[in-house]
Amino acid sequence: MKKSFDFTRVNTIGGEVFRPILAASVEYEGRKRPFNFVVDSGADFTLLSRDCAVELGMSFDGFRRDVHGICGQAPSFQKKVRLTTSGFEEKPFDATVYACRELKHNLLGRDNFFHQYLVGFDGRERKLYLDDRRE
């Protein structure tokens, strides 16, 4: 099943940009909350921001992995969650994610999310395309 989503207009210090932002619910140890995620083909892993992790009651301990990005290196901690993607609510999936104290945005990365969906970006039309691979 293929679905499309409009990019989201975001005002930044540098001006207006459009990002492929997707809503997804995260369930962790009985708590389930909706969050917005940037769909990031450059992210190796799905990363949860400090605010998301705290709201879900996650601790910043356990298996540690240092994540590296354009802003440097930050410690993150592996967690097992259940993700429900907007538009595909009938098919949640288990995922390994990393909670990062220093991250301000949630990122859907290649390791879990891109295994579930064929992902496409159309910059000119400002569209994100997801094609469910699990059918």
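Up top you'll find the structure we're talking about.
### As for the sheet that holds strand 11 (residues 117-122)
Moving on, step 1. With antiparallel pairing, three strands are arranged side by side in an open sheet as 1-12-11. In the strand order of this sheet, the two ends are held by strand 1 (2-6) and strand 11, each with one partner. The average angle at which neighbouring strand axes cross in this sheet is 20 degrees, direction not considered.

### Remarks on the pattern of salt bridges
Moving on, step 1. Inspection of the entire model under this criterion finds eight salt bridges.
Moving on, step 2. Between Arg-134 and Asp-132 there is a salt bridge; the shortest N-O distance is 2.9 Å.
Moving on, step 3. Taking the relative accessible area as the measure of exposure, Asp-132 reaches 7% and is therefore buried.
Moving on, step 4. Here the salt bridges share partners, and the residues they tie into one network are Lys-91, Asp-132 and Arg-134.

### Section: the state of the cysteines
Moving on, step 1. One pass over the full model with this rule turns up zero disulfides.
Moving on, step 2. In this structure Cys-52 is not part of a disulfide, and its nearest cysteine sulfur, from Cys-100, lies 12 Å away.
Moving on, step 3. Take Cys-52: its relative accessible area is 1%, and that puts it in the buried class.
Moving on, step 4. You can call Cys-100 buried: its relative accessible area is 2%.

### Quick look at the packing of aromatic side chains
Moving on, step 1. One pass over the full model with this rule turns up five aromatic pairs.
Moving on, step 2. Here the aromatic rings of Phe-88 and Tyr-117 are separated by 4.9 Å at their centres, their planes lie at 50 degrees, and the arrangement is tilted. Taken together, the positions of Phe-88 in the loop between strand 8 (72-85) and strand 9 (93-100) and Tyr-117 in strand 11 put the pair 29 residues apart, joining distant regions of the chain.
Moving on, step 3. Geometrically, the ring pair formed by Phe-113 and Phe-114 is edge-to-face, given 6.0 Å between the ring centres and 70 degrees between the ring planes. Take Phe-113 and Phe-114: they sit in the same class, and that class is buried.

### Side note on the environment of Ser-86
Moving on, step 1. Of note, Ser-86 is situated in the loop between strand 8 and strand 9.
Moving on, step 2. For Ser-86, a relative accessible area of 24% corresponds to the partly exposed category.
Moving on, step 3. Between the C-alpha atom of Ser-86 and that of Phe-7, which follows or precedes it by 79 residues, the distance is 14 Å.
Moving on, step 4. Here Ser-86 is in contact with Phe-5, Leu-22, Ala-23 and Ala-24, once residues within four sequence places are set aside.

### Quick notes on the side chain of Lys-79
Moving on, step 1. Within the secondary structure, Lys-79 sits in strand 8.
Moving on, step 2. According to the relative accessible area criterion, Lys-79 is buried, its value standing at 8%.
Moving on, step 3. Engagement of the side chain of Lys-79 in a polar contact is seen with the backbone oxygen of Asp-61, the distance being 3.0 Å.
Moving on, step 4. Here Lys-79 is in contact with Tyr-28, Met-58, Ser-59, Asp-61, Ala-95, Thr-96, Val-97 and Ala-99, once residues within four sequence places are set aside.

How each quantity is defined
- Residues numbered from 1 in each chain as written.
- Predicted model: local features only at pLDDT ≥ 70, side-chain atom pairs only at ≥ 80, totals over all residues.
- Heavy atoms only, no water.
- Pairing = 2+ DSSP bridges.
- Helix = DSSP H or I, 4+ residues; strand = E, 2+ residues; numbered from the N terminus.
- Axes fitted to C-alpha atoms, helices over the stretch in contact; angles between N-to-C directions.
- Salt bridge = Lys/Arg side-chain N within 4 Å of Asp/Glu carboxyl O.
- Buried < 20%, exposed > 50% of the residue type's maximum accessible area, 1.4 Å probe, protein only.
- Disulfide = S-S within 2.5 Å.
- Phe/Tyr/Trp six-rings, centres within 6.5 Å; stacked < 30°, edge-to-face > 60°.
- Contact = heavy atoms within 4.5 Å.
- Polar contact = N/O pair within 3.5 Å; in protein donor to acceptor, adjacent residues only side chain to side chain.

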